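Residue strings, one per chain:
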Amino acid sequence: MGGIVGQRMGYNAAMRDIYLDYNATTPIDPQVAEAMLPYVHGRFGNPSSGHSFGLAARQGVDLARRQVADMLGCGEDDLIFTGGGTEANNHAIKGVAGAYRSRGNHIITSTVEHPAVTEVCRYLEGRSYRITYVPVDEYGIVDPGDVEEAITSETRLVTIMHANNEVGSIQPIAEIADIAHRHGVLVHSDCAQSIGKIPVRVDDLGVDLLSVAGHKLYAPKGIGVLYVRPGVELEKLMHGANHEQDRRAGTENVIHMAGLGKACELIEQNLPEYTRHMGAMRDRLERGLLDSGVEARVNGHPEKRLPNTSSIGFRGVEADRILGRLPTVAASAGAACHSDRVEVSHVLAAMNVPTEYAMGTLRLTVGRFTTEDEIDRAVAEVYDTLSQN
């Protein structure tokens, strides 16, 4: 891991704050930033233009599309570049709902989805679509049997995330897809959190649609991808000129596409190393906290979990108060405590995490640039803060 850590130290050696919120967003990898620079400084043309400036930009778009396709194991023509993971989710769900409306109005999702999925489903509920929210178990995992039981003759889409952004639990997407396809139902998976941490290949998952968010995998914010299996119909989300094979309007964001393409290439080349490093850092973090003597529990599946994600509930304390007292650690809370109530995240609530632990849950997520020194300092800082309560 010396090479990757070395890149990080050269990237921001002066930074003393400890970033443990990689599931919220990632820094741009230095190699990604370098790949973007030619399109910042010189290759500024419109990719739809036929002159040399446009052709140079088009080459960048084509390269990025190939790099993403190689990582996902799909055809280049199966990809739609979007403005981010949220747009990809919206296009997948609304697109299927609109294209197949005459054949049924039922969609199945889970109780632990990201708002980029749940809010789309609520929007459709207000427009005469029927949504079924299947439950999860104590680990935050969907039972494929519940999905099959929910399918009716009106069901057109199952949309379930690959891995949860709060607790990291990994869903049995391939099994769910097999069940759905036996009933003639399409499957979409939001893979924003899993890409770059565990293998994500469209054929292995068996999905018909898959969403990618650039800023979760060391590419810029404002860029994403929607994979669409050949033969799947989608109603347009945006209208205008016939970009992206006439599936998404808007002049291509070449700079960010180049960055996303390079980020996907790095994942394709280095995923085992990234996974191993993140797993080692997360395990070091959890051992340090749990062995310190504080009363805590880890939320999520002990094995079927992202290698970088640790959702730890500290008993009888308030998460936002812990975060407010940490001098250098950047992390997220799983609950917000108000004067008259504790507002637990919908994920922890769906998992039935006991309130005394849910109210004190921190989401601590490591990344490819996290160092052992940062982990050790974070453990000491959290322990010192808890000791003062």
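For the structure, check the block above.
For every chain, the first residue of the written sequence is number 1, and numbering continues from 1 onward in sequence order. Whole-chain, interface and lining totals are the exception, using all residues; otherwise, since this is a predicted model, local features are given only for residues with pLDDT of at least 70 and side-chain atom pairs are given and counted only at 80 or more. Only hydrogens and water are set aside when side-chain values are computed; all heavy atoms of the structure are taken into account.

**Here's the deal with the sheet that holds strand 12 (residues 332–333)**
Thinking step 1. In spatial order, the strands read 9-10-15-12; together these four strands make up an open sheet with antiparallel pairing. With one partner strand each, in any of the chains shown, strand 9 (296–299) and strand 12 form the two edges of the open sheet.
Thinking step 2. For two strands to pair, DSSP has to find at least two bridges joining them. Secondary structure counts use DSSP, requiring at least four H or I residues in a row for a helix and at least two E residues in a row for a strand, with both numbered from the N terminus. Two strands pair when backbone bridges link them, and strand 9 and strand 10 (residues 309–314) are joined in this way by four bridges, in the antiparallel orientation. In the sheet register, Ala296 faces strand 10, and the bridge partner there is Phe314.
Thinking step 3. Where helix 10 (residues 254–290) meets the sheet, its contacts fall on strand 9, strand 10 and strand 15 (361–365), and the angle it forms with strand 10 comes to roughly 10°. Note on contacts: a residue pair is in contact if any heavy atoms of the two residues lie within 4.5 Å. Between the N-to-C directions of two axes lies an angle of 0 to 180 degrees, each axis being a line fitted to C-alpha atoms and, for a helix, fitted only over the stretch in contact.

**Regarding the packing of aromatic side chains**
Thinking step 1. Ring pairs shown here join Phe, Tyr and Trp side chains whose ring centres sit within 6.5 Å, with only the six-membered ring taken for Trp; geometry is labelled stacked below 30 degrees between planes, edge-to-face above 60, and tilted in between. Applying the stated criterion across every chain, the model contains four aromatic pairs.
Thinking step 2. Taking 5.0 Å as the distance between ring centres and 70° as the angle between the ring planes, the aromatic pair formed by Tyr19 and Tyr22 counts as edge-to-face.
Thinking step 3. Three labels apply to residues, based on accessible area from a 1.4 Å probe with only protein chains included: buried if under 20% of the type maximum, exposed if over 50%, partly exposed otherwise in between. The exposure class of Tyr22 is buried, given its relative accessible area of 4%.
Thinking step 4. Both rings, one in Tyr22 and one in Tyr218, keep their centres 6.2 Å apart while their planes meet at 40°; by these two values the pair is tilted. Within this pair, whereas Tyr22 is found in the loop between strand 1 (18–19) and helix 2 (30–41), its partner Tyr218 is found in the loop between strand 7 (209–213) and strand 8 (224–228), the two being separated by 196 residues in sequence.
Thinking step 5. Positioned over the ring face of Tyr123 is Lys94, at 4.5 Å from the centre of the ring. Remark: a charge is flagged as sitting over a ring if the NZ atom of Lys or the CZ atom of Arg is within 6 Å of the ring centre and within 35 degrees of the ring normal.

**Let's talk about the pairing of strand 5 (residues 155–159)**
Thinking step 1. Counting buried positions over the five residues of strand 5 gives five, a clear majority of the element.
Thinking step 2. Of the pairings in the sheet, the one linking strand 3 (residues 106–110) to strand 5 comprises three bridges and is parallel in character. Bridge pairing in strand 5 places Ile107 opposite Leu157.
Thinking step 3. In this fold, strand 5 hands off to helix 7 (residues 173–182), which returns the chain to strand 6 (residues 186–190); that crossover is right-handed. Here, the term right-handed applies to a crossover whose path from the first strand over the helix to the second runs clockwise when the strands point away from the viewer.

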